[in-house]
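# Residue-level structure breakdown
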Amino acid sequence: MQWNTIELSINKGVGLITLNRPKALNALNSELINEVNLALDQLEKDHSIGCIVIAGSEKAFAAGADIKEMADLSFPNIYLDDFFHLADRIAMRRKPLIAAVSGYALGGGCELALMCDFIYCADNAKFALPEVTLGVLPGIGGTQRLTLAVGKAKAMEMCLTARQMGAAEAEQSGLVAQVFAKEELLEQTLAAAEKIAEKSLTAVMMIKESINRAFEVSLAEGLRFERRLFHSVFACSDQKEGMQAFVEKRPAKFTQ
Ligand code: CAA
């Protein structure tokens, strides 16, 4: 497949989607969002892929939704087409997604990173939701996912003032899982993704599903859901293999 706005590569069970609109600092236009989804469709169908990484360039993960594309849209245009609904599909993926953020992750770029299961960032990363400076508000989940990630005080402050958050604060606030030197970010992210891809895909996907439940249901329901999934993995050969490998003091070879 010929991509115009992304690059896609596959190695060691990991799919790497690199946003590729350098002249627009990877601003998310409709074509890019569509191509990310097409790539994700392909990677989700392929059971040899155990983890997916979304990365940008060193200067910008993505500088937001494409302002030039949006500027002249009217309410009927965006309401009838449910503008940004395609972006929601990124968050609904079942395989683990890691965002590797270097440089700017602004507006829709920050929201794209927040749709991933966790974020690794470089020491030059800058996160912000500056939509208020454009007379709008975040429209791809920013007010919800940022609040869940960093709490009300920082989410309110960031969305209302458009302040940028740097890498150290992002790690302290729980927005990112780890910070790396920018030269090491991709290598470290791919190494983590490869580790995930070596595991049982069924168990990995159940872990993702179960953690995400914590945001939607009561603790009692979440615990019940987790317990049922835990019971069900005993029907999988990977559970037998994983535990047998421990007993035999050898690395496990997962197949499902
Ligand atoms: N949309 C469209 N084009 C963008 C863009 C965006 N979000 N961000 C940057 N670009 C373009 C610039 O227009 C410029 O193009 P030209 O060379 O054709 O003029 C090119 O990328 C390079 O940008 P700059 O010259 O501005 O680069 P800089 O290094 O001086 O500044 C920046 C970098 C601080 C990120 C600045 O580009 C900027 O502030 N960008 C906009 C950030 C923003 O407001 N993002 C939120 C968008 S709204 C959103 O995302 C909506 C939503 O949630 C629903």
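Here's what I pulled together on the structure shown here. (Residues numbered from 1 in each chain as written. Predicted model: local features only at pLDDT ≥ 70, side-chain atom pairs only at ≥ 80, totals over all residues. Heavy atoms only, no water.)

The next point concerns the sheet that holds strand S8 (residues 126-128). Whenever strands of a sheet pair, they do so through backbone hydrogen bonds, lying parallel or antiparallel. One open sheet accounts for four strands, arranged S4-S6-S8-S9; its pairing is mixed. Edge positions in the sheet fall to strand S4 (60-62) and strand S9 (165-166), since each of these pairs with one other strand and no more. Judged from the two bridges that link them, S4 and strand S6 (residues 104-106) form a sheet pairing that is parallel. Its bridge partner being in S6, Ala62 is matched across the sheet by Ala105. Sitting on the sheet, helix H5 (residues 108-115) touches S4, S6 and S8, and the angle it makes with S6 is about 90 degrees. (Pairing = 2+ DSSP bridges. Helix = DSSP H or I, 4+ residues; strand = E, 2+ residues; numbered from the N terminus. Contact = heavy atoms within 4.5 Å. Axes fitted to C-alpha atoms, helices over the stretch in contact; angles between N-to-C directions.)

With that settled, the discussion passes to the site of the ligand. Close to the ligand lie 24 residues, the nearest being Lys59, Ala65, Gly108, Glu111 and Glu131. Within the side chain of Lys68, an N or O atom sits 2.9 Å from an oxygen atom of the ligand. In the model, an oxygen atom of the ligand is placed 2.7 Å from a nitrogen or oxygen of the Gly108 main chain. Relative to its unbound accessible surface of 980 Å², the ligand loses 65% to contact with the protein. If you list the elements that add at least two residues to the shell around the ligand, you get helix H2 (67-70), S6 and H5. At three residues, H2 tops the list of elements feeding residues into the shell around the ligand. (Near = heavy atom within 4 Å. Polar contact = N/O pair within 3.5 Å; in protein donor to acceptor, adjacent residues only side chain to side chain. Areas by Shrake-Rupley, 256 points an atom, 1.4 Å probe, with all protein chains shown as cover.)

Pairing of strand S1 (residues 6-11) with strand S2 (residues 14-19), which is carried by six bridges, proceeds in the antiparallel orientation. By the bridge assignment for S2, Ser9 is matched with Leu16. Following S1, the chain reverses through two residues before pairing antiparallel with S2; Lys12 in that reversal takes a positive phi of roughly 50 degrees.

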